[in-house]
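Structural characterization, general
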Amino acid sequence: MAKIKLEYIWLDGYEPTQNLRSKTKVEEHENFQGTLAELDKWSFDGSSTRQAEGGSSDCSLVPVAIYPDPDRINGYLVMCEVMNADGTPHPSNGRATIDDEDDDFWFGFEQEYFIMDTKTQLPLGFPVGGYPAPQGMYYCSVGGKNTHGRNLVEEHANLCIAAGINFEGINQEVACGQWEFQLFAKGAKKAGDEIWVARYLLDRLTEKYGYYIEYHPKPLGKDMDWNGSGMHANFSNSVLRTCGDRATYERICEAFRPVVEEHIAVYGAYNDQRLTGKHETASIHDFSYGISDRGCSIRIPLITVQKGWKGWLEDRRPASNGDPYKIAARIIKTVKSAL
């Protein structure tokens, strides 16, 4: 018999941005295989996470995904949905709103973030009381002058890969101390699971570095001439992957136009500070799409056109602090409305 450490992970009920919470359940197993079928539901005190009242505080954790925990012996990371006591999805449960039971929708998320120093409360590379050199040389840079935080970023990539997450890449971003990682999954729920577990691993890793991760889309202030952080959502379904028809692509893009407010509402808090029409963004007040245009709301990748209108679309509006579950759910709803 072996002691197994199960880290149950869930999203709390804070608004406008939910936070990751987790706690460890130690169980004894003779031959644990690391499957969902071997896991039990668990509960937590919802009154401490803004998900219940003190007089009736139990909320239920239902495991939905499991990954090996590369930083623990006999450890596993268990992503959970939060349910009410009667078994219905809690209002904070964005995963339950995704209409993609057949995994027809594929998502690739580009998660940008700033690495912050806990002592200075500034992004790495920022001097106290001043600013580093203007942005320009930081993007995909190499060398100690312009590159900050590589050790943490590389270790995070290794952890994600070891956990079995479909981790696809990393790069330093345009602003000093800003980085990005990319994930891809076939199935909207799986894509959301993997972003949240990857965020969990990143946040937990900062504890030993004296850093923290800032997911605010414009942490340096809305008027500062530095790029904000987004979480571009690349998406496709069987129609987009196979249709070979420009008119179909344009019809799907146009379906996003009348529901701009509904999308922005779930694309992350304070996104108005980032979507200004500057720094490779479209204005939050406009909607546009175009081929290979990073200044549009939705970019039609050039490779999609080159392959005869068979590929995917990129919604560039989601903020870095957005919930991938809610973002995917809204995108799927809009795309289906056009078909």
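In this text, all values refer to a predicted model and were calculated from it rather than measured experimentally.

In this section: the packing of aromatic side chains. In total, this model carries 15 aromatic pairs according to the counting rule given. Between Tyr-8 and Trp-42 the ring centres are 5.1 Å apart and the planes differ by 70 degrees, which places this aromatic pair in the edge-to-face class. Of the two residues, Tyr-8 is situated in strand S1 (residues 2-11) and Trp-42 in strand S3 (residues 42-45); the sequence distance between them amounts to 34 residues. On the basis of relative accessibility, which here comes to 0%, the residue Tyr-8 falls in the buried class. Note on Trp-42: relative accessible area 22%, which makes it partly exposed. It is Arg-241 that lies over the ring of Trp-106; its NZ or CZ is 3.6 Å from the centre.

At a minimum axis separation of 8 Å, helix H2 (residues 188-206) and helix H7 (residues 324-337) run at an interaxial angle of 155 degrees. What the angle tells us is that H2 and H7 run roughly antiparallel. Between H2 and H7 lies a crossing whose hand is right-handed. Contact with H2, carried on its side by Ala-188, Lys-189, Gly-192, Asp-193, Ile-195, Trp-196 and Arg-199, involves Pro-324, Tyr-325, Ala-328 and Ile-332 of H7 and no other residues of that element. Split into classes, the residues belonging to the contact of H2 with H7 amount to seven nonpolar, one polar and three charged.

Attention now goes to the UniProt feature "domain: GS beta-grasp" (unreviewed entry) in the protein chain. Look at the UniProt record and you will see "domain: GS beta-grasp" (unreviewed entry) annotated at residues 4-87. Structurally, residues 4-87 is divided into 0% helix and 50% strand, and its ends, taken at the C-alpha atoms, are 26 Å apart.

With that settled, consider the sheet that holds strand S4 (residues 58-68). Strand order in the open sheet made by the five strands is S2-S1-S5-S4-S3, with mixed pairing throughout. With partners counted over all chains shown, the strands left at the sheet margins are strand S2 (20-29) and S3, one partner each. The mean angle between the axes of side-by-side strands here comes to 40 degrees, regardless of whether they run parallel or antiparallel. Strand direction decides the pairing type here: S1 and strand S5 (residues 75-83), joined by five bridges, are parallel. Bridge assignment links Leu-6 to a residue of S5, and that residue is Tyr-76. Sitting on the sheet, H2 touches S1, S2, S4 and S5, and the angle it makes with S5 is about 125 degrees.

Below, the discussion takes up the nonpolar core. Core analysis: the biggest nonpolar cluster contains 65 residues, and Met-79, Phe-107, Tyr-113, Ile-165, Leu-313 and Ile-331 have the highest contact counts within it. A per-element tally of this core places H2 first, with ten residues. Setting aside residues up to four positions removed in sequence, Ile-165 forms contacts with Tyr-67, Cys-160, Leu-183, Glu-194, Val-197, Ala-198 and Leu-201. Formed by 14 residues, the second largest nonpolar core is a distinct cluster that contains Tyr-8, Leu-39, Tyr-76 and Val-78.

Definitions and limits used
Residues numbered from 1 in each chain as written. Predicted model: local features only at pLDDT ≥ 70, side-chain atom pairs only at ≥ 80, totals over all residues. Heavy atoms only, no water. Phe/Tyr/Trp six-rings, centres within 6.5 Å; stacked < 30°, edge-to-face > 60°. Helix = DSSP H or I, 4+ residues; strand = E, 2+ residues; numbered from the N terminus. Buried < 20%, exposed > 50% of the residue type's maximum accessible area, 1.4 Å probe, protein only. Lys NZ or Arg CZ within 6 Å of the ring centre and 35° of its normal. Axes fitted to C-alpha atoms, helices over the stretch in contact; angles between N-to-C directions. Parallel < 35°, antiparallel > 145°, perpendicular 65-115°, else oblique. Left-handed = near helix turned anticlockwise from the far one by under 90°. Contact = heavy atoms within 4.5 Å. Nonpolar A, V, L, I, M, F, W, Y, C, P; charged D, E, K, R; others polar. UniProt positions renumbered as here; feature names shortened; annotations may be inferred. Pairing = 2+ DSSP bridges. Core = buried A, V, L, I, M, F, W, Y, C linked by side-chain atoms within 4.5 Å.

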